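So you can see what is in the structure, the chains are spelled out below.
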Amino acid sequence: MRKLATTLALSLTFGAAEAATFTTLINFNSVNGAHPGYDALTLGADGYLYGTTGGGGATGDGTVFKLSTAGVLTTLASQSRTVTGSNSSGGVIFDAAGNLYGTGGGYGSSGLQGTVFKVTPGNAISLLASFPSFVGLNVGLTATPNGDMVGITQTASIFKVTTAGTVTTLATLPQAGIAQPLGQLTVDAAGNIYGTTENGGLGVTAFNNGYGTVFKLSNTGVLSTLVSFTGLNGANPSGKLLLDGAGNLFGTTRSGSGGTIFEISNTGTLSTLATFSGIGIGQTPTGALLMDAAGNLFGTTLNSATGGYGTVYELPKNGSLKTLATFSGLNGSEPYAGLTADALGNLYGTTLNGGSNALGTIYKVGDTGFVPFPSAVPEPASWALLAAGLVGLAGMARRRQQACAA
């Protein structure tokens with residue numbers, strides 16, 4: 001659990017600056033979109049960052065965009081409530097042909113709520129699949145090893161959708177009326193699915209909706225609860241889980257003191273790695289964690305001690321939480337989404353609100369000491385990226401094990 005060879009860290013670490021540098025790349029202004037979603041940006045093979053906004057654009061219903069690392073934003077497509085859905089709050093993923101897929105909200109006048117859309121390399125957007133009223137989709141899709149995509153609805157149903165648009169319900173979580181999924185699913189190389197619910201689990205009463213769970217849906221269709229939070233060990237997990245090559249899961253809870261970072265070992269043991277106090281470091285972490293090649297963890301909090309607008313933080317491999325950047329409202333507010341790293345170790349993220357127009361931002365944090373993986377070259381598709389990432393993390397895990405045995 002979180003052990004790494006010293007030689008690996010020394011061989012990969014480049015000189016970290018004394019302080020991280022913060023740059024606001026985009027202030028959304030409604031014309032170019034408004035209020036980017038809850039999922040991290042996707043780094044494409046072309047080096048651009050891809051994502052969605054929940055509003056703005058040509059129709060006011062949201063956009064799909066790409067951003068150069070120099071800060072040039074291009075709107076690829078505008079969503080439409082009556083055609084492809086609207087108010088996307090999830091990220092996007094690629095297929096092997098370069099098509100983008102994402103999720104939307106309200107659709108048309110037929111009572112549908114929740115859509116899957118497709119954007120071709122020529123930037124044509126179309127409806128791929130839709131869901132009945134009151135189902136709803138809050139988060140984006142995740143690629144599976146066999147080329148399908150999986151997601152989870154607000155009503156706690158795990159589904160599979162093919163690139164042809166066929167939707168299959170795989171399972172519905174227990175306490176479906178209580179357990180609210182707010183994070184993307186995570187899929188391992190064997191096709192097992194992992195996720196979190198903000199509520200539900202042990203201790204549910206008429207006065208308490210529970211403190212949330214981590215669940216697993218095996219590739220044979222068996223649904224199990226890995227962890228049921230109690231409040232003392234954290235409460236209300238809401239971000240996507242991070243899976244390393246050894247099968248350990250990492251995530252955050254937004255409550256339980258000021259929130260926690262946790263690890264679930266591949267044997268099922270829950271450990272609290274850090275607790276947020278709000279004093280000097282922020283609180284309420286919600287976005288997915290990002291791990292570098294040295295085993296350091298990076299993420300965001302919704303609140304901070306100075307003004308309450310959020311932070312970007314690091315949990316070093318063998319250290320304590322530290323703040324890399326603080327939001328003031330003017331440079332962004334409420335960074336719900338996690339971070340994305342480029343091949344140089346720069347970190348990118350979005351804020352739901354704030355900025356010069358109070359409609360959200362895209363930002364860059366450099367000079368953090370983030371250690372890229374040696375083979376951190378974007379692949380042409382999310383499916384390929386999934387495989388490459390698992391191979392890279394597995395290699396890191398093997399090196400960890402060798403170091404522990406030495």
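Residues numbered from 1 in each chain as written. Predicted model: local features only at pLDDT ≥ 70, side-chain atom pairs only at ≥ 80, totals over all residues. Heavy atoms only, no water.

1. Some words on the environment of glutamate 198
1) Next: Note on placement: glutamate 198 falls in the loop between strand S16 (193–197) and strand S17 (213–217).
2) Next: When the C-alpha atoms of glutamate 198 and asparagine 209 are compared, they prove to be 9.4 Å apart, with 11 residues separating the residues in sequence.
3) Next: With residues near it in sequence (within four places) discarded, glutamate 198 still touches Gln180, Leu182, Tyr211, Gly212, Asn236, Pro237 and Arg254.
4) Next: Polar contacts involving the side chain of glutamate 198 include one to the side chain of arginine 254, which spans 2.5 Å. (Helix = DSSP H or I, 4+ residues; strand = E, 2+ residues; numbered from the N terminus. Contact = heavy atoms within 4.5 Å. Polar contact = N/O pair within 3.5 Å; in protein donor to acceptor, adjacent residues only side chain to side chain.)

2. Examining the sheet that holds strand S13 (residues 157–161)
1) Next: An order of S11-S12-S13-S14 is seen for the four strands of this open sheet, with the pairing classed as antiparallel. The strands lining the two open edges of the sheet, one partner per strand, are strand S11 (142–143) and strand S14 (167–172). (Pairing = 2+ DSSP bridges.)

3. Looking at the sheet that holds strand S1 (residues 21–27)
1) Next: Here we have four strands laid out as an open sheet, ordered S1-S31-S30-S29, and antiparallel in their pairing. Where the open sheet ends on each side, the last strands, each with one partner, are S1 and strand S29 (340–341).
2) Next: Looking at chain direction, S1 and strand S31 (residues 361–366) are connected through six bridges and run antiparallel. Counterpart to phenylalanine 22 in the pairing with S31 is valine 365.

4. Quick look at the side chain of threonine 63
1) Next: Note that threonine 63 resides in strand S5 (residues 63–67).
2) Next: Polar side-chain contacts of threonine 63 include one of 2.7 Å to the side chain of threonine 53.
3) Next: Among residues more than four places away in sequence, those in contact with threonine 63 are Asn32, Gly33, Gly51, Thr52, Thr53, Gly55, Gly56, Gly57, Thr75, Ala77, Ser78 and Gln79.

5. Brief notes about the nonpolar core
1) Next: Within the largest apolar cluster, 13 residues are counted, with the highest numbers of intra-cluster contacts made by Leu141, Met149 and Val161.
2) Next: If we skip the residues at most four places from it in the chain, leucine 141 touches Ile93, Tyr101, Gly102, Thr103, Val116, Met149, Val150, Gly151, Phe159, Val161 and Gln184. (Core = buried A, V, L, I, M, F, W, Y, C linked by side-chain atoms within 4.5 Å. Buried < 20%, exposed > 50% of the residue type's maximum accessible area, 1.4 Å probe, protein only.)

6. Topic: the packing of aromatic side chains
Think of a pair of aromatic rings as described by two things: how far the centres are apart, and how the planes are tilted against each other in angle.
1) Next: What the rule picks out here adds up to 10 aromatic pairs.
2) Next: Taking the centre distance of 5.6 Å and the plane angle of 20° together, the rings of phenylalanine 22 and tyrosine 363 count as stacked. One end of the pair, phenylalanine 22, is in strand S1; the other, tyrosine 363, is in strand S31, with 341 residues separating them in the sequence.
3) Next: Given a relative accessible area of 28%, phenylalanine 22 falls into the partly exposed group.
4) Next: Between the aromatic rings of phenylalanine 28 and phenylalanine 65, the centroid separation amounts to 5.9 Å while the plane-to-plane angle is 55°, which identifies the pairing as tilted. Of this pair, phenylalanine 28 sits in the loop between S1 and strand S2 (34–36) while phenylalanine 65 is found in strand S5, placing the two residues 37 residues apart along the sequence.
5) Next: The class for phenylalanine 65 is buried, based on a relative accessible area of 0%.
6) Next: Feature note: the residues Phe22, Phe327 and Tyr363 constitute an aromatic cluster, connected by ring pairs.
7) Next: Sitting over the face of the ring of tyrosine 48, lysine 66 holds its NZ or CZ atom 4.3 Å from the ring centroid. (Phe/Tyr/Trp six-rings, centres within 6.5 Å; stacked < 30°, edge-to-face > 60°. Lys NZ or Arg CZ within 6 Å of the ring centre and 35° of its normal.)

7. Quick notes on unusual backbone geometry
1) Next: Look at serine 257: it is not a glycine, yet its phi comes out positive at around 65°.
2) Next: Secondary-structure assignment places serine 257 in the loop between strand S21 (249–255) and strand S22 (260–264).
3) Next: One non-glycine residue, alanine 358, lies in the positive phi region at around 60°.
4) Next: Assignment of secondary structure puts alanine 358 in the loop between strand S30 (347–351) and S31.

8. Structural notes on the confidence of the model for the protein
1) Next: In this model, the protein carries an average pLDDT of 86, and 84% of its residues clear a pLDDT of 70 or more.
2) Next: Ignoring residues within four places in sequence, the model shows residues 376–381, a span with pLDDT below 50, making 14 contacts including any to other chains.
3) Next: With pLDDT under 50 throughout, residues 383–406 is counted as low confidence; its partners more than four residues away or in other chains account for 42 contacts. (pLDDT = per-residue confidence, 0-100.)

9. Quick look at the side chain of threonine 351
1) Next: Counting through the fold element by element, threonine 351 comes out in strand S30.
2) Next: A polar side-chain atom of threonine 351 sits 2.7 Å from a polar atom in the side chain of threonine 361.
3) Next: If near-sequence neighbours (up to four positions away) are discounted, threonine 351 is found in contact with Pro36, Phe327, Gly332, Ser333, Glu334, Pro335, Gly360, Thr361 and Tyr363.

10. Looking at the pattern of salt bridges
It is possible for side chains bearing opposite charge to pair when their charged atoms get close.
1) Next: Per the counting criterion, the structure on display carries three salt bridges.
2) Next: Residue aspartate 61 pairs with arginine 81 through a salt bridge whose shortest N-O separation is 4.0 Å. Placement of the pair is aspartate 61 in the loop between strand S4 (49–55) and S5 and arginine 81 in the loop between strand S6 (73–78) and strand S7 (93–94), with a sequence separation of 20 residues.
3) Next: For aspartate 61, a relative accessible area of 13% puts it in the buried group.
4) Next: A residue is classified by how much of its surface remains accessible, and arginine 81, at 35% relative accessible area, is partly exposed.
5) Next: Glutamate 314 is paired through a salt bridge with lysine 322; the nearest N and O atoms lie 3.5 Å apart.
6) Next: Here glutamate 314 falls in the buried class, since its relative accessible area comes to 5%. (Salt bridge = Lys/Arg side-chain N within 4 Å of Asp/Glu carboxyl O.)

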